[in-house]
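# Structural overview for review
So the chains spell out like this:
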Amino acid sequence: MTSEQTTAFDLSASFKAYDVRGIVGESITAEIVEAVGAAFVDVLQLEGQTILVGGDMRPSSPEFSKAFANGAATRGANVELLDLISTDELYFACGFLNRAGATFTASHNPAGYNGIKMSKAGAVPISSESGLKDIQALAEQYLNTGSIPASGSRGQIGVRDVLKDYSEYLRKLVDLSGSRPLKVVVDAGNGMAGLTTPAVLGDTLLPKLPLDIIPLYFELDGSFPNHPANPLEPENLRDLQAAVLEHGADIGLAFDGDADRCFVVDEKGQPVSPSAITGMVARREIARAKAQGEATPTIIHNLLTSRAVSELVEHDGGRAVRTRVGHSFIKAVMAAEGAVFGGEHSAHFYFRDFWNADTGMLAAMHVLAALGEQDGPLSELAREYEPYVSSGEINSEVDDKPAAVERVRADFANEDITIDSLDGSTFTANDGSYWFNLRPSNTEPFLRLNAEATDRGTMERIRDRVLSIVRA
């Protein structure tokens, strides 16, 4: 870094609640990243310890990894560069090796973005409430003074590959060797699943499983030439859906750019909701925990997952705990409750056996195991986990979000409902026929509606009624 500095650095545009995310060359540069690496070591008191640094396939990730490592080494930490990794590989490494670490990724954001996800040793998340703001403040200080002071002794920088350890660990958690043969289409979206899928589900590093993997867009390419690596958007699933039908596959899997989220389509090319996946995995994890002597295993679900999740958990003798949306909340509640598994409507899935962190690959393996141990198609298996009809998330651009919510409250004042405010406002019909949640976005002028009902007619009636009031 140079000693001549005229710009006053303010990193608030790129430091979010849970991670760092910005436009390459503007709000995230090698100079900024080097300062963040130094601050990371100082705030977490990692001088003399070894930290882990990796990145995804975005063109800027290798340069940023080296800059972060250089800043960390200047402040006296040793660094092991993990090279190309998925985000859940970082969580694995931080848990398995019990070290703090960082990975460069902007998840499903477009090609011009990059960012940093940071973790404490044991894969404990870092958020704005647990060190991220302090890292930001110290990095700004280093940038504004124009130098990072050297610690007593500079740390060493080396290289480590964790892909085989990660793959072996996941295979120990879910044994797919006895599955019936399955034809599986995987859309990696040119993201990190192009590296992790052959390692975990294929035979590049480990013995072959009874899976015929048909790859879509496995070439690592951070310019995303085929479609954005965001499977939450229905248009980004179209190639996967077509390929499942074309190949007569049993299942399709789609991963986001950093491969921490997984979406599933059935043999007919129809999406299986993340709530259904949550229920399916919860059932398996409850049974496994009970077999190991746990009386009432706890399952976490956010308040936007289907009501079917909590009903299934209680039916199977588990305990369902409802939480706010957002992975730092889920991880904190997972740890506090000793939960065995947690699921979100956004296809983030969390496992106690994975240091309470989220991993799309482990969730996919559970679904493959559930499908492979019975003879029926996935569409039939999924149907028992999707008894209700959901609207999906619908955004309305609203200037005065609190006023819009109050209008809805007034309109439903005479209905037999219960309203709670765990996260936004959730309106639940006391006869069980429907519920809906209105939640303001923290970063955009949107009010988000999610509705669910016992039948399509009720869901559409409630959805349309609420939207007409919100958008009035």
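Now for a quick tour of the structure.

Another point: the pattern of salt bridges. Within this structure, the stated rule accounts for 24 salt bridges. Note that aspartate 353 and arginine 288 form a salt bridge whose closest N and O atoms lie 2.6 Å from each other. Here aspartate 353 is found in the loop between strand E16 (349-351) and strand E17 (357-358), whereas its partner arginine 288 is found in helix H8 (residues 274-291), with 65 residues between them in sequence. Judged by relative accessible area, arginine 288 falls into the partly exposed class, the value being 26%. Here lysine 331 makes a salt bridge to aspartate 358, at a shortest N to O gap of 3.3 Å. Taken together, the positions of lysine 331 in helix H10 (residues 327-337) and aspartate 358 in strand E17 put the pair 27 residues apart, joining distant regions of the chain. The class of lysine 331 is buried, set by a relative accessible area of 4%. For aspartate 358, a relative accessible area of 1% corresponds to the buried category. By sharing partners, the salt bridges in this structure join Glu80, Arg99 and Arg160 into a single network.

A few words on the pairing of strand E3 (residues 78-84). The two faces of the sheet receive side chains in turn, since in a regular strand these alternate between them. When strand E2 (residues 50-55) meets E3, the two strands line up parallel, connected through six bridges. Across the sheet, residue valine 53 finds its bridge partner in E3, namely leucine 81. Taking the sense of rotation as the criterion, the β-α-β connection linking E2, helix H2 (residues 61-74) and E3 turns out right-handed. Note that E3 and strand E7 (residues 157-159) share three bridges and pair parallel. Considered in E7, the bridge of leucine 81 is made with valine 159.

Moving on to the nonpolar core. With 84 residues, the main nonpolar core has Leu253 and Phe354 as its most contacted residues. Those residues in contact with phenylalanine 354 that sit more than four places away from it in its chain are Asp88, Tyr91, Phe92, Tyr166, Tyr169, Leu170, Thr359 and Leu362. Leu11, Val33, Ala39 and Leu46 belong to the second largest nonpolar core, which has 38 residues in total.

A few words on the sheet that holds strand E14 (residues 319-323). With mixed pairing, the five strands of this open sheet are ordered in space as E14-E13-E15-E16-E17. Both edges of this open sheet fall to E14 and E17, since each of them pairs with a single strand only. Strand direction decides the pairing type here: E16 and E17, joined by two bridges, are antiparallel. In the sheet register, tyrosine 350 faces E17, and the bridge partner there is aspartate 358.

Among the structural elements, lysine 401 can be located in helix H13 (residues 401-411). With residues up to four places along the chain from it excluded, the contact list for lysine 401 reads Pro440, Ser441, Glu444, Pro445, Phe446 and Leu447.

Turning our eyes to something else, we now look at the sheet that holds strand E8 (residues 182-187). Judged by pairing direction, the sheet is mixed, and its five strands sit side by side in the order E9-E8-E10-E11-E12 without closing on themselves. Only two strands of the sheet have a single neighbouring strand rather than two, namely strand E9 (211-216) and strand E12 (271-272). Judged from the two bridges that link them, strand E11 (residues 262-265) and E12 form a sheet pairing that is antiparallel. Residue pairing for E12: valine 264 is matched across the bridge by valine 272. With respect to the sheet, helix H11 (residues 360-372) is in contact with E8, E9, strand E10 (251-255) and E11, its orientation differing from that of E10 by roughly 175 degrees.

Residues Gly101 and Thr103 line one face of strand E4 (residues 101-104) and the alternating positions Ala102 and Phe104 line the opposite face, and both faces are buried. Where E4 lies against strand E5 (residues 113-120), four bridges are found, and the strand directions are antiparallel. What sits directly across from alanine 102, in E5, is methionine 118.

What follows covers unusual backbone geometry. Most of the time, phi is negative for any residue but glycine, and the peptide bond is trans. Backbone geometry at tryptophan 355 places phi at a positive 60 degrees, although glycine is not the residue there. For tryptophan 355, the position within the fold is in the loop between E16 and E17. In this model, asparagine 356 sits at a positive phi of 60 degrees, which is unusual for a non-glycine residue. Examined against the element boundaries, asparagine 356 turns out to sit in the loop between E16 and E17. On the basis of relative accessibility, which here comes to 15%, the residue asparagine 356 falls in the buried class.

Glancing now at the packing of aromatic side chains. In the structure shown here, the tally under the stated rule is 17 aromatic pairs. With a centroid separation of 5.8 Å and an interplanar angle of 80 degrees, the aromatic rings of phenylalanine 68 and phenylalanine 104 are classed as edge-to-face. With phenylalanine 68 in helix H2 and phenylalanine 104 in strand E4, the pair connects residues that are 36 residues apart, well separated along the chain. Both residues of the pair, phenylalanine 68 and phenylalanine 104, count as buried. Seen from their ring centres, phenylalanine 92 and phenylalanine 96 are 4.8 Å apart, and the 20 degrees between their planes marks the pair as stacked.

Each value, and the rule that gives it
- Residues numbered from 1 in each chain as written.
- Predicted model: local features only at pLDDT ≥ 70, side-chain atom pairs only at ≥ 80, totals over all residues.
- Heavy atoms only, no water.
- Salt bridge = Lys/Arg side-chain N within 4 Å of Asp/Glu carboxyl O.
- Helix = DSSP H or I, 4+ residues; strand = E, 2+ residues; numbered from the N terminus.
- Buried < 20%, exposed > 50% of the residue type's maximum accessible area, 1.4 Å probe, protein only.
- Pairing = 2+ DSSP bridges.
- Right-handed = clockwise from strand over helix to strand, strands pointing away.
- Core = buried A, V, L, I, M, F, W, Y, C linked by side-chain atoms within 4.5 Å.
- Contact = heavy atoms within 4.5 Å.
- Axes fitted to C-alpha atoms, helices over the stretch in contact; angles between N-to-C directions.
- Phe/Tyr/Trp six-rings, centres within 6.5 Å; stacked < 30°, edge-to-face > 60°.

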